[in-house]
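Letter by letter, the chains look like this.
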Number of protein chains: 2
Amino acid sequence: MFSSCTLLLRRDGPRHLKHLSTTTRLPADLPLSHPTFLVWASNTSLGKTLVSAGLAASSLLSKSHSRPRKFLYLKPVQTGFPSDSDSSFVYRKLSSLSLRRNSLFPLFSSNHVLRASVPAANAVLGQGIAENGECGFRNLGWYEERRFEGERASAAASELVCKTLYAWRDAVSPHLAAQRENAVVEDAAVLRELLRCLRVESEGGGDEKKEMDVFCVVETAGGIASPGPSGSLQCDLYRPLRLPAILVGDGRLGGISGTISAYESLKLRGYDVVAVVFEDHGLVNEVPLLSYLRNRVPVHVLPPIPEDLSNDLMEWFDESCGVFDSLKEKMLSAYSERIKRLHDMPKKAREIFWWPFTQHKLVPKGAVTVIDSRYGENFAIFKDQNNGFITQQFDACASWWTQGPDATLQTELARDLGYAAARFGHVMFPENVYEPALKCAELLLEGVGKGWATRAYFSDSGSTAIEIALKMAFRKFSFDHGILSEDNAAGRSVELMVLALRGSYHGDTLGAMEAQAPSAYTGFLQQPWYTGRGLFLDPPTVYMCNGVWNLSLPEGLCFGNPKLENIAFSSRNEIFHRIRDNSDLAEIYSSYISQQLSQYSGSGGFNHIGALILEPVILAAGGMHMVDPLFQRVLVNECRSKRIPVIFDEVFTGFWRLGTETAADLLCCVPDIACFGKLMTGGTVPLAATLATNAVFTSFIGDSKLNALLHGHSYTGHAIGCTAAVKSIDWFKDPQTNLNIASEGRSLRELWDEDLVRQISSIPAVQRVVALGTLCALELRAEGHNAGYGSLYASSLLQKLREDGVYTRPLGNVIYLMCGPCTSPELCSQVLVKLHTRLEEFCQTK
Amino acid sequence: MFSSCTLLLRRDGPRHLKHLSTTTRLPADLPLSHPTFLVWASNTSLGKTLVSAGLAASSLLSKSHSRPRKFLYLKPVQTGFPSDSDSSFVYRKLSSLSLRRNSLFPLFSSNHVLRASVPAANAVLGQGIAENGECGFRNLGWYEERRFEGERASAAASELVCKTLYAWRDAVSPHLAAQRENAVVEDAAVLRELLRCLRVESEGGGDEKKEMDVFCVVETAGGIASPGPSGSLQCDLYRPLRLPAILVGDGRLGGISGTISAYESLKLRGYDVVAVVFEDHGLVNEVPLLSYLRNRVPVHVLPPIPEDLSNDLMEWFDESCGVFDSLKEKMLSAYSERIKRLHDMPKKAREIFWWPFTQHKLVPKGAVTVIDSRYGENFAIFKDQNNGFITQQFDACASWWTQGPDATLQTELARDLGYAAARFGHVMFPENVYEPALKCAELLLEGVGKGWATRAYFSDSGSTAIEIALKMAFRKFSFDHGILSEDNAAGRSVELMVLALRGSYHGDTLGAMEAQAPSAYTGFLQQPWYTGRGLFLDPPTVYMCNGVWNLSLPEGLCFGNPKLENIAFSSRNEIFHRIRDNSDLAEIYSSYISQQLSQYSGSGGFNHIGALILEPVILAAGGMHMVDPLFQRVLVNECRSKRIPVIFDEVFTGFWRLGTETAADLLCCVPDIACFGKLMTGGTVPLAATLATNAVFTSFIGDSKLNALLHGHSYTGHAIGCTAAVKSIDWFKDPQTNLNIASEGRSLRELWDEDLVRQISSIPAVQRVVALGTLCALELRAEGHNAGYGSLYASSLLQKLREDGVYTRPLGNVIYLMCGPCTSPELCSQVLVKLHTRLEEFCQTK
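Labelled according to an unreviewed UniProt entry, chain A appears under the name Dethiobiotin synthase, originating from Carpinus fangiana.

The structure is reproduced here in structure tokens:
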């Protein structure tokens, strides 16, 4: 039995890592084939590295393990290098322990420091070495290895791989060291490198290693919220991977507090904490900790660590053996449970969920997407292939158009939601006031309601906001037109109807459905009570085709007007320009609308148009059709002149969805009532608001409670949703937090590359394109059963896009990309390029 | 100029506190007449006491202040006493500083230690002193005072009052010291004592002090989550008061992390952190802190504290003067802003809110309740009297019946909501699966849906859950009765109606309204589109009057059946007993229902009863009527025999509201479809679920997407709501967390004292009482305009109850108390006693 020890310092890195250089594509997927944990601590110097070393010993030196194991220890960020090197510590301790414990199996250990700042590299290699890696770094190539033969020298060796990814010389917080040593590394680079190491090492270097059990531990630097090299807090830096966590707590006086707070900060970033471990200081800190954790997370207590710095800790490791074994077992079982659950989820989902808008018969097991988490605009999705891995997909359907937050806002929302839940939970709204609801109402009236609205009525969803709006409008209409005068006993014989656009959608509750034209959603099969209480006009639409914006008029409008055919626009801006108010087309629109209204009221009966309801600019669920804004403006003016209240359904369009905070700005006119939802809470929880003018409000004032608007929902004005709304509304419009804000705060900069959009509109398979604000939609040319809501025509295309990391969901043969108000144009372009490529492929196959 | 110094040790406490003994009623209100702050630290030994002393110096020793100030320093919990005494430290340092700075005005200082554990008292007074205060404590009566004359000796003196409320000898965490010294004090006692000191000192001891500016600082012990004497974490212990916070952070290496985590733990408990302050260690920790805080919370950096223990810190205080001045200014301005906002809120609310179910004309400014926060079942309410204070009111309306959490669950929910927001925000539901939605569906099917439901359909509110249920039921009915057979082109001529009970309420959206009988909510004034698509039966009800449970039959039922008059029950249990299935009454119910159904279907036309919809046991919004459960069971059986799908609307009754997890258990029969909401998320955010049997689900299976249930809402199955539901459902049913769980988990123990309920039912002003599960409702005898939903008859009574700390909201002349599933019967009794007293008064005035 002997042990060999080698220390190599080579500029081209160590032998067995050479194959890395052949991997050109950076790995983006996180393998789940083996357990990987992040080791966090509630403060510095609490023994993260001792815990890592103890876990390594438990994995590699146990007499019981039957097949060779690999233990991968990664230290992404090391300061104080080379005098401090945690990977070197783990490497050395394991070497000593393997000799001491005389384990049965051979052990091959290595320690590798990949990159160091120039000062750190100089400290190792001597002065004057220039950087040769990333900006400010040297590819250090520090490599040492050691082999312990063990009793069964002929058996396959277990393996300890220790790696430091980035090292700095100063023994300070990484952000300071990086600044001082002029060697800053971006978060994405750290993650890429980390993922690469995890993937390479867990796949093994060659065939003979494939059978190995691999156990990976990634040790963070300092406390959980200590800044990383870029200045991001480490708990934020590692958040995209959402690796399960081990928290090294503090057993000292005051340590309960720091441990609990650190635990909460990890939870507030979506981490799962699998176990807490800390050094015993005789204060029985585990008792209050376990009580706080309600025994759901185990707390492991390590024996006191000798204070004498010369102590080699061998006895301490021996003493701690049992603790590390049970910690490791807990980690392994947490890993197995997670993997089992991830595998089982699609089957269970198909058994017990009833998904909306989904024909379950058409969803095979493999089609169910397991969403492990969201990070800003991206989903982390579990894939049941290659032993399982987590991959990233851009949420291009914006999760039913609710999404807006970038990763930073998401964390801030998490903290604010927690705050609101602790401060209020939900509290009773009527006749009461509390800060989040008041602040939210203030922001709504100063923002999307500015200049016209004076009152905010809260509810839970777009549908309920619409039902409330209709009740408001009908009361106002009845009030203005004497229908409610007390001596009018004929109230019931009056039928109030809406004026609306064909293709509009306002929600799925009956009242909202009644305000929309017949469609696939409204048949007897779906809603036996639907009758369609409205006059539904076919709207003129605009769209881009072959790089040009065109106007498309419905038959009723262009018939007999040959000059109305083939109207095109030089730019999208022209479409919205108010100069069009004086055009012939405006005149034509106006007389068409007047004529429709008189025809309707002249048709006899007791029917009155009691409200105009419209989705400004974009008919969303109806297929992402862009209505000619001039038509909608004329419509509003016609109704206003007849004292018909105007409702804008801004549930989809509100809060920058179309590039302005309210789509009323695009139409250049205001409503009497408007409905908001979706993006209002930044895509967190349901909340809706119906805003109204003072004139609408006063039509409900009277001496009796029975005159009031008697409509409410349990969670009306709920504090948590209002808090999320306050944060999101502010965040989206503040140029400090939303870099897309342009035009002095009035609009977003262009998010979709205009050239690319034009190119897409020129692809033969594409019938029309609409790109506006956060939306880029297109309709595929399709006929017969390939067209319309039930169509599955786009599914092969969408499947390809998902493989590209773009999660889309079609509206029949209409597909769209949707980003958040803060998403960078660069990211949008990346996604758009993928769409373009796949569309061209699609075009060739059809 | 001279200074005097006195140290008194008296068993009866110091002179100027004597009047306390005359205050028998413990103060429950928190005065806001002067600023009061909690001083927290992210760890022990970071200088909380230095900060407190610095603030005291800034308040009392500044040359600029024009009128005398009082600085109140409170240390509720002190360990290591008497060698450690923070109040003594502040007292001594201020004395030294006042001499050193030679301030203009006289200063009167005192330090008082109120209670000490026996060992701590012995250390002061000598061995062998027995306890004479609360269990394990001595009223120590340690008191010292000192007077500094200043240049203007004749001016009114400023005042420093330092107090330690509870002291222990061991220098360990308070929970350990309290255990070891056998002197545990409950959280409520600490708070009561703290409130008493705040009130006494901010009111001043006599008239001459009323003009003083008072500034109060309460210093916590250890870190923010260090356990207090009872074992509760201090951040939980002080939560009911929600005092604004100063966080003393950590300027050392690793201190950024601890400071941020501590900040987050405070936010997660609803605290407002006004400023962060820490000692400079040369690491510029303020930069990442300010970046994290987005400059919204100021960070103050104190000069390094001399390490030499013999240093008297005088120079350090001089050096820190500017920092403390600006910290104090920030605290004062935060206080002023808060007070201004609290005062302005009612006015602003009346200007911009549009409250549901509220006639704004009937809400004068003084009637608006400002809810500052919630702590478990209690509201903290701002009162604009006596210079402003915060008072507690029991949320007896359970905030529109949504509330359940006790204070502990509230904090756990806050953390879990934050976790879900960080991990998911909201993610797309259809064809996807993610942990919170899956777990929630599993818990629903294992719990409220056990034994019958196989699918969970999520939506946002009770109303939407009902609309979905109706669509499910009608499809199932059509499927079963051949209405949907493909060759049936007459679909549209069939009218599907519901069978429902008069007095039911199912929500305010049109579809839900159509399923209820005409009422105050359904007139043309409220909902012009309402027609009432149902056969509505008058139900027999049961109620307690004069201590006896009676049955009341509607006219249609008892007519001609004299033996049906005056049916009474020996107990509530008898009402629910299945033995009644064999009674004559069951027979009568059955034939009555059959007859009604045949009459209806025999009336010609295309009308079919396509669904039975009912609120099991209690018609809630309709006036808290308890329907005879036998009648509902017979109804269900009759419908089932006719293949009419049965819908239970459990939005109100679900999740232990009536003492069982589902009210179906009370009826002893199951539905085909059931709707849940309200309590499901523990009263945090909107979420609803419609559960269905497999037979209902399969009626939507087909080859086309158009056969699927095309109904959804943006936030369907939102991760945050599902997470809250998972936590709440588990919490409510677990005997470990809900001490009310009885009968092997099947029901809650009796929450309302039966004798008291009987007594209330015997008060002449009370017409009927229903007490069941978390509900105790009564109807006041009233006639004419005093009866019904619009009635204001109960308002004087409710006003009195609010003065008693009970927040109720009536349904016309029906008033009720509602607690959470975990509320202790003791608390319920306290509230019930208040109601009883006020009812007797009310009775005398009428």
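Moving on, we get to the overall build of chain A. The secondary structure content of chain A amounts to 24 helices and 33 strands. Taking the principal axes of the C-alpha coordinates as reference, chain A spans close to 105 × 65 × 55 Å. The burial tally for chain A puts 57% of its 846 residues in the buried class. The contacts in chain A between residues at least 6 apart in sequence include a share of 74% that link residues at least 24 apart.

The next subject is the sheet that holds strand 16 (residues 455–459) of chain B. All names here are of chain B. The sheet built from 7 strands is open, its strands ordered 16-27-26-25-22-17-18 with mixed pairing. The two strands at the open ends of the sheet, each matched to only one other strand, are strand 16 and strand 18 (534–537). Taking the axes of each pair of neighbouring strands and ignoring which way they run, one obtains an average angle of 25° across the sheet. Pairing geometry for strand 22 (residues 607–614) and strand 25 (residues 646–649), over 3 bridges, is parallel. Bridging from a neighbouring strand, Leu612 pairs with Val646 of strand 25.

This paragraph deals with the interface of chain A and chain B. The interface of chain A with chain B comprises 147 residues on the first partner and 147 residues on the second. Top element by residues in the side of chain A that touches chain B is helix 11 (residues 407–423) of chain A. It accounts for 11 residues. Residue classes in the side of chain A that touches chain B are distributed as 73 nonpolar, 52 polar and 22 charged.

Here chain A sits on chain B after a turn of 180° about the axis and a move of 0.0 Å along it, with an RMSD of 0.1 Å. This pairing of chains is accounted for by a two-fold axis. Mapped onto chain B, 100% of the interface residues of chain A are again interface residues, and the two copies thus contact each other with one and the same surface.

On to the nonpolar core, then. For soluble globular proteins, the rule of thumb is that nonpolar side chains tend to be buried together. With 547 residues, the main nonpolar core has Ile246 of chain A together with Ile246 of chain B as its most contacted residues. In contact with Ile246 of chain A, not counting residues within four places along its chain, are Phe37, Val39, Trp40, Val51, Val274, Ala275, Val277 and Met331 of chain A.

Neighbouring strands of a sheet are bound in pairs by backbone hydrogen bonds; such pairs are parallel or else antiparallel. Residues and elements named next belong to chain A. What the 7 strands build is an open sheet, ordered 16-27-26-25-22-17-18; its pairing is mixed. Of all strands in the sheet, those with a lone pairing partner are strand 16 (455–459) and strand 18 (534–537), marking the two edges. The average angle at which neighbouring strand axes cross in this sheet is 25°, direction not considered. For strand 17 (residues 495–501) and strand 18, the ladder comprises 4 bridges, and the chain directions are parallel. What sits directly across from Leu499, in strand 18, is Leu535. Along the sheet face, helix 18 (residues 629–641) touches strand 17, strand 22 (607–614) and strand 25 (646–649) and points at about 145° away from the line of strand 22.

Residues and elements named next belong to chain B. Relative to the assigned elements, Cys216 resides in strand 8 (residues 213–219). For the pair Cys216 and Lys678, spaced 462 residues apart in the sequence, the C-alpha separation amounts to 40 Å. In this structure Cys216 touches His34, Pro35, Thr36, Leu72, Leu74, Leu198 and Ser202, once residues within four positions along its chain are discounted.

Time to look at the packing of helix 12 (residues 435–446) of chain A against helix 21 (residues 719–733) of chain A. Residues and elements named next belong to chain A. Running from N to C, helix 12 and helix 21 point in directions that differ by 40°, and their axes come no closer than 8 Å. Compared by their axis directions, helix 12 and helix 21 come out oblique. For the pair helix 12 and helix 21, the crossing hand works out as left-handed. On the side of helix 12, the interface is formed by Pro436, Ala437, Lys439, Cys440 and Leu443, while helix 21 contributes Ala719, Cys722, Thr723, Ala725, Val726, Ile729 and Asp730.

Turning to the environment of Gly482 of chain B, a few remarks are in order. Relative to the helices and strands, Gly482 of chain B resides in the loop between helix 13 (462–480) and strand 17 (495–501). Spatially, the C-alpha atoms of Gly482 of chain B and Asn432 of chain B are 33 Å apart, while their sequence positions differ by 50 residues.

For the bond running from Phe81 of chain A to Pro82 of chain A, omega is 5°, close enough to zero to count as cis. Looking at the secondary structure, you find Pro82 of chain A in the loop between strand 4 (69–78) and helix 2 (86–101).

This part covers the domain arrangement of chain A. Residues and elements named next belong to chain A. Per the domain assignment, the segments of chain A are domain 1 (3–342), domain 2 (408–743) and domain 3 (750–845). Using C-alpha coordinates to define each centre, domain 2 is positioned 27 Å away from domain 3. Counting from both sides, the interface comprises 19 residues of domain 2 and, opposite them, 21 residues of domain 3. For the side of domain 2 that touches domain 3, the leading source of residues is strand 19 (residues 541–545), giving 3 residues. Residues belonging to the side of domain 2 that touches domain 3 are distributed by class as follows: 12 nonpolar, 6 polar and 1 charged.

A separate point is helix 5 (residues 187–203) of chain B. Residues and elements named next belong to chain B. With 17 residues, helix 5 extends 24 Å from end C-alpha to end C-alpha; this agrees with the ideal 24 Å at 1.5 Å per step. All of the buried residues along helix 5 are Val190, Glu193, Leu194, Cys197, Leu198, Glu201 and Ser202. The arc that holds the buried residues of helix 5, viewed along the axis, is 145°, so those residues lie on one side. The inward-facing, buried residues of helix 5 contact strand 2 (30–31), strand 3 (36–41), strand 4 (69–78), strand 7 (158–167), strand 8 and helix 6 (234–237).

This part is about the pairing of strand 22 of chain B. Note on strand geometry: in a regular strand, side chains alternate between the two faces of the sheet. All names here are of chain B. Taken across its 8 residues, strand 22 has 6 buried, putting it largely inside the fold. As paired elements, strand 17 and strand 22 share 5 bridges and run parallel to each other. Paired with Val498 across the two strands is Ala611, which belongs to strand 22.

Now for helix 1 (residues 48–60) of chain B. Under the 1.5 Å per step criterion, the end-to-end length of helix 1 of chain B is 18 Å for 13 residues, consistent within 8% with the ideal 18 Å. Where burial is concerned, most of helix 1 of chain B is hidden: 13 out of the 13 residues are buried.

So, on to the pairing of strand 8 (residues 213–219) of chain A. Residues and elements named next belong to chain A. Counting buried positions along strand 8 gives 6 out of 7 residues, so the element sits mostly inside the fold. Two elements, strand 4 and strand 8, share 6 bridges in a ladder whose sense is parallel. Counterpart to Tyr73 in the pairing with strand 8 is Val217.

Here we come to the packing of helix 1 of chain B against helix 2 (residues 86–101) of chain B. Residues and elements named next belong to chain B. Where helix 1 contacts helix 2, the axes come no closer than 9 Å and their chain directions differ by 40°. When the axis of helix 1 is compared with that of helix 2, the two are oblique. Helix 1 and helix 2 meet at a crossing whose hand is right-handed. Contacts between helix 1 and helix 2 involve Thr49, Ser52, Ala53, Ala56, Ala57 and Leu60 on the former and, on the latter, Asp86, Phe89, Val90, Lys93, Leu94 and Leu97. Considering only residue class, the contact of helix 1 with helix 2 consists of 8 nonpolar, 2 polar and 2 charged.

How each quantity is defined
Residues numbered from 1 in each chain as written. Chains lettered and ligands numbered in written order. Predicted model: local features only at pLDDT ≥ 70, side-chain atom pairs only at ≥ 80, totals over all residues. Helix = DSSP H or I, 4+ residues; strand = E, 2+ residues; numbered from the N terminus. Buried ≥ 20, exposed ≤ 12 C-beta atoms within 10 Å, placed from the backbone. Contact = placed C-beta atoms within 7 Å. Pairing = 2+ DSSP bridges. Axes fitted to C-alpha atoms, helices over the stretch in contact; angles between N-to-C directions. Nonpolar A, V, L, I, M, F, W, Y, C, P; charged D, E, K, R; others polar. Least-squares fit on C-alpha atoms with pLDDT ≥ 70 in both. Core = buried A, V, L, I, M, F, W, Y, C linked by C-beta atoms within 7 Å. Parallel < 35°, antiparallel > 145°, perpendicular 65-115°, else oblique. Left-handed = near helix turned anticlockwise from the far one by under 90°. Domains from an automatic or database assignment. Expected span 1.5 Å × (residues − 1). Arc of directions from axis to C-beta.

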